[in-house]
Structure formats: structure tokens, C-alpha cells
Amino acid sequence: MYRLLIADDEALEREGLEWIITRMMPDTFHIIHASNGREAIQKADEYRPHIVMMDVQMPGIQGLDALQEIKAHNPMVKMVLVTAYQYFDYAQQALTLGVKEYLVKPAKRERIVSVLQRLVDEIKEEKATRNEQLAIRDKYLQLLPLAETELALAFMSDHAHPDDVEHLLELLGVSMDQGSALVIAMKSPSSNALQQLQERKKPIVDAAKGLFSEQVKEKYRWMVSPLIHEHIVVFVFAEQLDEAGLLLEELRGIGAELIQVLGQRFEISVSIGIGTLQCGLAGMRRSYDEAVFASTYPGSWGSLCAFEDLKHPTEEAFQLYMRKSAEEEPTERTYVELAIKRIREEREQQTHNVVDRAASYIQERFHEELSLEEVAEQVHLNPHYFSKVFKQQTGETFIDYVTRLRIDKARELITEGQLSLKEVCYMVGYKDPNYFSRVFKKVTGVTPTEYRTR
């Protein structure tokens, strides 16, 4: 029910309105009365009405003043001005408060119902719009971590397409004018270090994210890669060019704290490498490579090392290191290809699992009315994305897959000969025997009747 506040200093007017409304719009409103402007404000604060019907002329606080006060505390409220002919000028002033509806005393019951129904429809539409916006926002927030991971991997790889990077930057609202990479390289004291780190990768990454969230807050944009092969990368971007000078200094402070926090919490030895300030896709790849170089620089293990502080490596030495890294085994390289390979493997496995769940759901219910949107919702995917991955994994579109299951079952039932063709039609999920016959012939080359008489 909707809450309706009727404010009028004449009790007969309030009761008359309530009588009309409750009989012509039953079970629609919970009605609250107020006999003056001050009481209307108090009741509005207490009950938070959806609609207020306010008489213009009342003792004490006038109707427009009361509406203004109510609107200030409840911006979504719908307001109806109740006025007599001689006070109609007030209606013009009320427009500035957002009052779009008015009733002239004595109002006909049809007019009262028309106004209230229009406002109820407006409230319903606004609620549906808000729910849709919340759903879109929820989907957006679910996509953000995936988009951040994709962008981090793009900065770490030589194979990312610039257009894909541009789309991710736009989605995340990130500018590449000034940014730097921070690499967290880690080791565990035990012999099965890699396995232990993989088992604890989520809490380790969450700890890194938590520290950045606490220290950086909204000052810079940043994203954290997954933990892959004892290695996490954080890309940090300055929103304003005048902040770029402070960025590296703040990264040093955060890096030093990361060494302490991860060491104490997870008993792992951590080395931090920080790349130089760069811009653009190529620049961020360069900063990443510099951060890896610094994190593995001889004598730097267990501490923080910024590439710009290194005195010995020249550009030639750095390029030699990069060429040598490309020739070595993955466990000794910059981890980029291994990172991407493992991420792809994990995502491929997740996709297989999703499609397997979807296929099981379809096989259980193919004889019912079944839509792609329903199945996508069951596996918590956007319908468009689900349609794409379903075809990639099964080799069939959703419709073709369901059709094949239905026709295969129809063949089986026809062969058994226990049911009529009409019954078979209904048993496999079709409501129209003629349509079933056309689909059956399209798939098998013969009609159901011809198939039975073979």
C-alpha cells in the first residue's frame, strides 16, 4: 500500500477525501491526517508518505511553506495542491516546488481518482527505473574486478590489442597519462612454496588490495593483478598531472608497509620493485618490466627497490636483461606469459563448469518452456555473454541445442510407439503439433508421421 497524507484544517474535507479514495481505490492507500501545516510536517517526518494532498490555506504554517519543508526532507514525495478558485494563483507558485497536480475545491471524485492514479503510476515507474538502475550498477560492480584483471594482464603482455585496452580503460574510467607499476615478488620458507602461495593467493591479494585501499583511497586509480607464480602487480595512475610527482614517493611508503604486513601475516619473504612513471600502453609495459627488474635485482631481495634509484644498470643492461629473460625457463622469466596462460586456463575451466551446469539444467527442463534468459540467470551470466560462451563450448547455439534434445527425445518416443504424435509433441516441450512437425522435418528430413511408418 502507498502512504497518503491529507492535510486540511477542515475535518469534513479530510474525511470526505478519505471516504472517496477508500471506496474508489480500495486497498491502495494507508491514509494519514493532518489538521495544519506544522502537524503535516511532523506526520511527513514520521510516516514518509508517498503522496501529500495539501490545502493551501491553513492556520499557522501555510500549505506551500509546509510542502517546501516536507520536500526538503523527502525529495521523492509526490505533492497535490488543494485550492479554492480564489486561491488558484498559489498553484503557479507551487510549480517551483515540483507540484504537478492540483485539485480545486470541491473536486469531483473522478478528478481525485485520476490525479492519484496518475501519481501511483508515476511512483511505480520510478521504482522500476530505480530497480533497473540498481541491477545495472550491480552488474557493473561485478564486472569491475574482471575488467581490472584484464587490464592488468594487458599491461603485462606484449600481445594485448590496443582497441581492447581502450575499451577497458573507458569502462574503468582510467587515464594512462601518468602511471607506474609496483611488483610484489614473494617466496615462502618452505620447500613447497609455490603450492602454498597458490592455496593462499586470494587472502594475499585481498591483503594487498586492502592496504592500497586504505593508503591510496580515492587519490589515485589503481588495480591489482592476480597472484600468479609468486608475483603480484599493482598498476597505479595519477588522475591529475600535478599528483604524479607524489605518486612514486607514496608507492615507496606503501611498498615498505607491504613487505612488513605480508611477512607478518603470511610468513613470506617479499621483495618490492617499482617502475618509473610512464604513459600509454607501451609505457605501462615498460614500467612493469622495470618493476620486475628492480624486484629481482641482485642484493635487493627482502627489501624495496625502485628502478630509478638503481645506479648500475644502463639502458643497454636493462635491454640485455629483457632479452635474456625471454630465453630462460618460465620459472626464471618475468612471469608474463605464464601469468596469462594460467589465467586463461582458470577461466576456461570456469567457463566449462558454467556450460556444464547450463547443459544439465537444459537437459532436466527441455520439455518445458525454456528461454536463453532463464538459463543464463541460473548460471549468473549476462544472456549475451552466456549465448557466446555456450556456442563456443558446445558448438551449437542455445536454440539448436534445445531443439536437438527435443527432437532426439521425440524420435525415441515415436520409436517406442506408446504415445500418439500429439502426445509426443507435448512431451518434448512443443505446444503446437504443426510447428513440431515442421521442426521435426527440418532436423530429420521427414515428418513425424513418415518417421513412424518407416
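The structure under discussion appears in the preceding block.
Residues numbered from 1 in each chain as written. Predicted model: local features only at pLDDT ≥ 70, side-chain atom pairs only at ≥ 80, totals over all residues. Heavy atoms only, no water.

A.B. asks: Give me the lowdown on the overall build of the protein chain, citing residues and values where you can.
C.D. replies: Of regular secondary structure, the protein chain possesses 18 helices and 10 strands. Per-residue burial over the protein chain gives 44% buried out of 454 residues. Put simply, of all contacts in the protein chain between residues at least 6 apart along the chain, 65% involve residues at least 24 apart. Working note: accessible area of the protein chain is about 24900 Å², and carbon and sulfur atoms make up 50% of it. (Helix = DSSP H or I, 4+ residues; strand = E, 2+ residues; numbered from the N terminus. Buried < 20%, exposed > 50% of the residue type's maximum accessible area, 1.4 Å probe, protein only. Contact = heavy atoms within 4.5 Å. Areas by Shrake-Rupley, 256 points an atom, 1.4 Å probe, with all protein chains shown as cover.)

A.B. asks: Describe helix H17 (residues 433-444), and please don't skip the residues or the numbers.
C.D. replies: Between its first and last C-alpha, H17 extends 16 Å over 12 residues, near the 16 Å set by a 1.5 Å rise per residue. All of the buried residues along H17 are Phe436, Val439, Phe440 and Thr444. Considered in projection along H17, the buried side chains sweep an arc of 110° and stay on one side of the axis. Away from its buried face by more than 90 degrees, H17 exposes Asn434, Arg438 and Lys442. Here the buried face of H17 lies against helix H15 (398-416), helix H16 (421-427) and helix H18 (448-452). One side-chain oxygen of the residue at the start of H17 lies 3.0 Å from the amide nitrogen of Asn434, identifying that residue as Asp432. Count one or two residues on from H17 and you reach Gly445, which has phi positive near 95°. (Expected span 1.5 Å × (residues − 1). Arc of directions from axis to C-beta. Polar contact = N/O pair within 3.5 Å; in protein donor to acceptor, adjacent residues only side chain to side chain.)

A.B. asks: Describe the pairing of strand S1 (residues 2-7), and please don't skip the residues or the numbers.
C.D. replies: One face of the sheet, then the other: side chains in a regular strand alternate in exactly this way. Of all six residues in S1, five are buried; the element is thus mostly enclosed. Here six bridges tie S1 to strand S2 (residues 29-34), and the two strands are oriented parallel to one another. Bridging from a neighbouring strand, Ala7 pairs with Ala34 of S2. (Pairing = 2+ DSSP bridges.)

A.B. asks: With reference to specific residues and values, describe the sheet that holds S1.
C.D. replies: Pairing in this open sheet of five strands is parallel, and the strands run S2-S1-S3-S4-S5 from one edge to the other. One side of each edge strand has no neighbouring strand; the edge strands of this open sheet are S2 and strand S5 (101-104). Across the sheet, the axes of successive neighbouring strands diverge by a mean angle of 20°, strand direction being ignored. (Axes fitted to C-alpha atoms, helices over the stretch in contact; angles between N-to-C directions.)

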